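Tertiary structure, described
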Amino acid sequence: LYLCIWGEAGNIRFMPELLLFVFEAARQHYWEARRSSTARDPYAGARGMAEGRGQQAGANPGDFLVYILRPVYNRVFTETFTWNSTTHKPMFKFPGAAPKRVLNYDDFNEVFWDTNIMRRALFVGDAPGRPLLEAVEERDGPDLFERLCEVNWDLATTLNAKMYWETHSWFPLLASFGRVYVLHGIAFTACLAARDSLAWAYVGLPAPAISIAVELSAYLLNKQHTCAEWLWTIGATSCFAVLPFATFAASYVGTDGFAEDKISQQTGALRTHYAVSVVSAIYFLASTIQPRTGFRPSVRKNLVQLASSFLFWVAVFAIKCVMSIYVLLPATREAIEGVPDVEFVGRTWQVVNRVVLWMPVVLSFITETAFYQTFLIGTVGPILAAVRFGARTLCGAYRKGKGMDKIPRKMIRTLVAEKANEEEIRSDFGELWREVVKDLRHSDLLTERARVELDTPQSLPGAGSRARLPSQFDPAVNSKPLPDVKNEEARRRLVVFARAWKQRPPAARDVCKCPSLTVMIPHYGEDNLIQFSQLFNQRIELEKKSTVLMAYLVDYFRDEFVNFARRMHGKSEQPTDQQIQFELRRWASLRMQTLWRTVDGMTKGHKALDILLRLQRPDLNDRVRDSICRDKFQCLAAMQLYGEFKEGSPELEAAEEMLQRMPSSLSIAFLVNNQEGKEQMPADNIQQSKRFFSCVVDSSCPLENGKRKPKYTVELPGFPVLGNGKSDNQNHAIIFSRGELIQAIDANQESYLESALLLPSVLAEFARYPGQETGRSRPGIVGFREHIFSAVGSLGSLAAEGEFVFGTVTQRMLAQVLGCRMHYGHP
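Residues numbered from 1 in each chain as written. Predicted model: local features only at pLDDT ≥ 70, side-chain atom pairs only at ≥ 80, totals over all residues. Heavy atoms only, no water.

A few words on the packing of helix H27 (residues 604–616) against helix H28 (residues 622–632). At a closest axis distance of 9 Å, the pairing of H27 and H28 adopts a crossing angle of 130°. Accordingly, the angle class assigned to the pair H27 and H28 is oblique. Crossing geometry of H27 relative to H28 is assigned as right-handed. Only Arg625, Asp626, Ile628, Cys629, Arg630 and Lys632 of H28 make contact with H27, whose side of the interface consists of His606, Leu609, Asp610, Leu613 and Arg614. Classifying every residue of the contact of H27 with H28 by side-chain character gives 4 nonpolar, 1 polar and 6 charged. (Axes fitted to C-alpha atoms, helices over the stretch in contact; angles between N-to-C directions. Helix = DSSP H or I, 4+ residues; strand = E, 2+ residues; numbered from the N terminus. Parallel < 35°, antiparallel > 145°, perpendicular 65-115°, else oblique. Left-handed = near helix turned anticlockwise from the far one by under 90°. Contact = heavy atoms within 4.5 Å. Nonpolar A, V, L, I, M, F, W, Y, C, P; charged D, E, K, R; others polar.)

Pasting the structure below:
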């Protein structure tokens, strides 16, 4: 029942609390109908209201969509959009950002948090309406699901019921980072006082001052707590804030401005001030770790993560303070003290003048923390990598052939059989290695000679008929690790393949027992398969000349094009001109940012599972293996515009080639619409002149007028793209995903066969439950490192390296050392 509701919900899936409320109402209605001897029509009241407005409202299978889901969608739609009858697409109401009081998905979802909000926000009938929950409480009246059909969503509002507002102001900067400011305030004053013992009295003042500003900012933003709760919070804060200022004032007055001759007479007052300052600072730091204001989420950390995180930040602030004491502050203090006071202004303006001069120093002190954090990440990260991978691995040991002999045993016992004997290891690894090398040759990264040398094991005296490992992995053979592999990309991929097995991936389960996976790829207007005319007509502007696209690709990938030409020439059957044109287009598409490249790479997961299944279950035939792989792996391309492709168009031809040549696990989800008059539209629909449907096709669907006939078609509440195009595209397609797990991929990425072989190990991460194996809980997200590259000169390489550092090195440090990684990348 829930999946049926979820499948038709469309954009309402972005409001999960609302969806669960509808599900609970439908579930209660279903069980009540089963217990009752007479079944009632749940949509009778809604039909009566529709007929009262002069609309035709006959019974049909789409009543749930028309009377339950579409009114909710209409309310959300009309809040920020109007329908453009010319373009047949929604148009944003506002010229810039939406006003403060405009409601969004989260605001409507918040209505269904508790019954108190629903009583103030949901009404049935015409204005002024009657609260929904009061109408449900009537004896022998319609139940909750029947009343949902009568809700007047035009009256539904959360303006008087909301607890959280999206406020565009500077206050969130204070409310969300209070502990950061308190730490920097204490550290800055401590650095100033490091060379002046009398200045230590000022160290306790920033923490209470900053904390009062933080509490006031939280009060202005958060309306959840009662006035009494806020008075207690601000009162406690003020109490701890006043004490340090009071003891400071007493010490200052008692020593005549900390005069040296009177300090010895007030040592008790100074000690009291120091003690109060320490207690106050500890209180404010502790209160911002688990705040009452609810602005900062807490992250669960174990003891090791807490210790490592604490030591990391101690090191950051230690380096920061040392550099500030001996480099930053002496130079700036000398420069500021060299600025003469203005004679013709009063004392107040002189103080303001000093504050203005010191403000850039304070801002520099705060912002440079990010530099020291990055410096430590860049220092500690490689050390952790050396521990994880081994120093020999990072120093290029695999390029020299060291440690290669350990890969076959580890790989086969991880992926194929945990208790495989030496003969099985040699045989199975030879099969896997042969497929990897064949894939590299098919990608034109290897010459035929290099493929043969990499794939052919050398025979040794006395070996007999015993299976031999490829020479690169056989310790008995003194061979170069990568013979005649001159292509840098091929060498990189082989080294990464070898380096991956230096880690300790989870033991892969039998493919038949793995969780299923769907790879989802959103697509809108990106190139799919490069057209033949495009290769020779599109021009590339270089620094000093212009050249056609094909000439540029041949010049940049010269060795790979030579490998391609030799591969085509070496085919047993002479290819036709049409076949040569397609292979040339494919070769170019795999070297540009195209959807074909992404789908070709991602569907290698299907091939990898087939290879492993062939080794794990040799008794299965090809048809059964392919069926199992389709059950365990799906590549879903959310090709939003497929329904608009014209017969004979290059876009439709490229999509058809993709379905025919890619593995059978590939599916294409798309949107279609039907032009209909308003009198033909379902009741209670907004003034849209089209009905929208989400469809899916695969290679098994029959062709009709050059297009595949949809396998499944689901009508949507309305136009599905109301916000970010990518997320809405993925949302309409997600109902066709069949995997227990989903990998979100962009249309500018790819994957490799040697990496796809690790897919069962990745899926094994999700197969761990508490009490089994390591006792860890099942993860929600598993991140992957990405190889980011650019061919646009040194500037592009610098940007790519920066992405790699942030997306891989920094993310691993945040996860392993600091224990605070949320998510970044394509999980």
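Moving on from the coordinates now.
With that out of the way, let us pick up the environment of Phe177. As for its position among the elements, Phe177 is in the loop between helix H9 (171–176) and helix H10 (178–193). As a C-alpha pair, Phe177 and Val214 span 37 residues in sequence and 8.3 Å in three-dimensional space.

Running from amino to carboxyl end, helix H19 (residues 422–442) crosses helix H21 (residues 488–500) at an angle of 155°, the nearest separation of the two axes being 11 Å. Classed by the angle they form, the pair H19 and H21 counts as roughly antiparallel. Crossing of H19 against H21: the hand is right-handed. Taken together, the residues of H21 that come into contact with H19 (itself represented by Trp433, Asp439 and Leu440) are Arg493, Leu494 and Phe497. Grouping the amino acids of the contact of H19 with H21 by side-chain chemistry returns 4 nonpolar, no polar and 2 charged.

In this section: the environment of Leu590. Considering the arrangement of structural elements, one finds Leu590 in the loop between helix H25 (577–589) and helix H26 (595–602). Expressed as a C-alpha distance, the spacing of Leu590 and Glu750, which sit 160 residues apart in the sequence, is 9.4 Å. Setting aside residues up to four positions removed in sequence, Leu590 forms contacts with Trp596, Arg597 and Asp600.

A residue-level look at the protein finds 79% of positions with pLDDT of 70 or above and a mean pLDDT of 80. Mean pLDDT in the protein bottoms out at helix H17 (residues 391–394), which sits at 51, and peaks at strand S8 (residues 633–639), which reaches 95. The low-confidence segment residues 676–681, where pLDDT is below 50, has 7 contacts with residues more than four positions distant or belonging to other chains. Confidence drops under pLDDT 50 across residues 770–774; counting only partners more than four residues distant or on other chains, this segment forms 8 contacts. (pLDDT = per-residue confidence, 0-100.)

Our focus in this paragraph is the nonpolar core. In this structure, Ile521, Tyr642 and Ile668 are the most contacted members of the largest nonpolar core, which totals 80 residues. The element that contributes the greatest number of residues to this core is H19, accounting for 7 residues. Dropping the residues within four chain positions of it, Ile521 is found in contact with Leu595, Thr598, Val599, Met602, Cys635, Leu636, Ala637, Ala638, Ile745, Asp746 and Ala747. (Core = buried A, V, L, I, M, F, W, Y, C linked by side-chain atoms within 4.5 Å. Buried < 20%, exposed > 50% of the residue type's maximum accessible area, 1.4 Å probe, protein only.)

What follows deals with helix H4 (residues 63–80). Taking 1.5 Å per residue as the helical rise, H4 with its 18 residues ought to reach 26 Å, and the 26 Å between its terminal C-alpha atoms agrees with that figure. Taking the largest bend as the criterion, H4 deviates by roughly 40°, centred on Leu69, and proline Pro71 comes between one and four positions later. Counting buried residues in H4 gives 17 out of 18 residues, a clear majority hidden from the surface. (Expected span 1.5 Å × (residues − 1). Bend = angle between axes of the 7 residues up to and from the residue.)

Take the pairing of strand S10 (residues 690–698) next. Burial analysis of S10 places 8 of its 9 residues in the buried class, the great majority of the element. Here 4 bridges tie S10 to strand S13 (residues 712–715), and the two strands are oriented antiparallel to one another. When the bridges of S13 are listed, Val696 appears paired with Tyr712. (Pairing = 2+ DSSP bridges.)

A few words on a nonpolar patch on the surface. Together, Trp170, Leu173, Phe177 and Val180 make up an exposed nonpolar region whose accessible area comes to about 440 Å². With respect to the helices and strands, Val180 occurs in helix H10. By relative accessible area, which is 36% here, Val180 ends up partly exposed. (Patch = residues over 30% accessible without salt bridge, like charges linked within 9 Å, V, L, I, M, F, W, Y side chains within 5 Å. Areas by Shrake-Rupley, 256 points an atom, 1.4 Å probe, with all protein chains shown as cover. Salt bridge = Lys/Arg side-chain N within 4 Å of Asp/Glu carboxyl O.)

The buried count for strand S5 (residues 517–523) comes to 7 of 7 residues, which makes it a mostly enclosed element. Side chains of S5 alternate between two faces, with Leu517, Val519, Ile521 and His523 and Thr518, Met520 and Pro522 buried alike. Here S5 pairs with S8 via 7 bridges, running parallel. Counterpart to Val519 in the pairing with S8 is Cys635. Relative to strand S14 (residues 741–744), S5 is paired through 4 bridges, and the arrangement is parallel. Each residue of the ladder has a partner; that of Leu517, found in S14, is Leu741.

A separate point is the state of the cysteines. For the coordinates displayed, the defined rule picks out 0 disulfides. With no disulfide of its own, Cys321 has Cys191 as its nearest cysteine by sulfur position, at a separation of 3.7 Å. (Disulfide = S-S within 2.5 Å.)

Once that is clear, we can look at the pattern of salt bridges. What the rule picks out here adds up to 35 salt bridges. Its salt-bridge partner being Arg614, residue Asp610 comes within 3.5 Å of it at the nearest N-O pair. Residue Asp610 and its partner Arg614 are both found in helix H27; the two are separated by 4 residues, about one turn of the helix. Classification of Asp610 by relative accessible area gives buried; the value is 17%. Each of Glu431, Arg434, Glu435, Lys438, Asp610, Arg614, Asp622 and Arg625 takes part in salt bridges that share partners, so that together they form one network.

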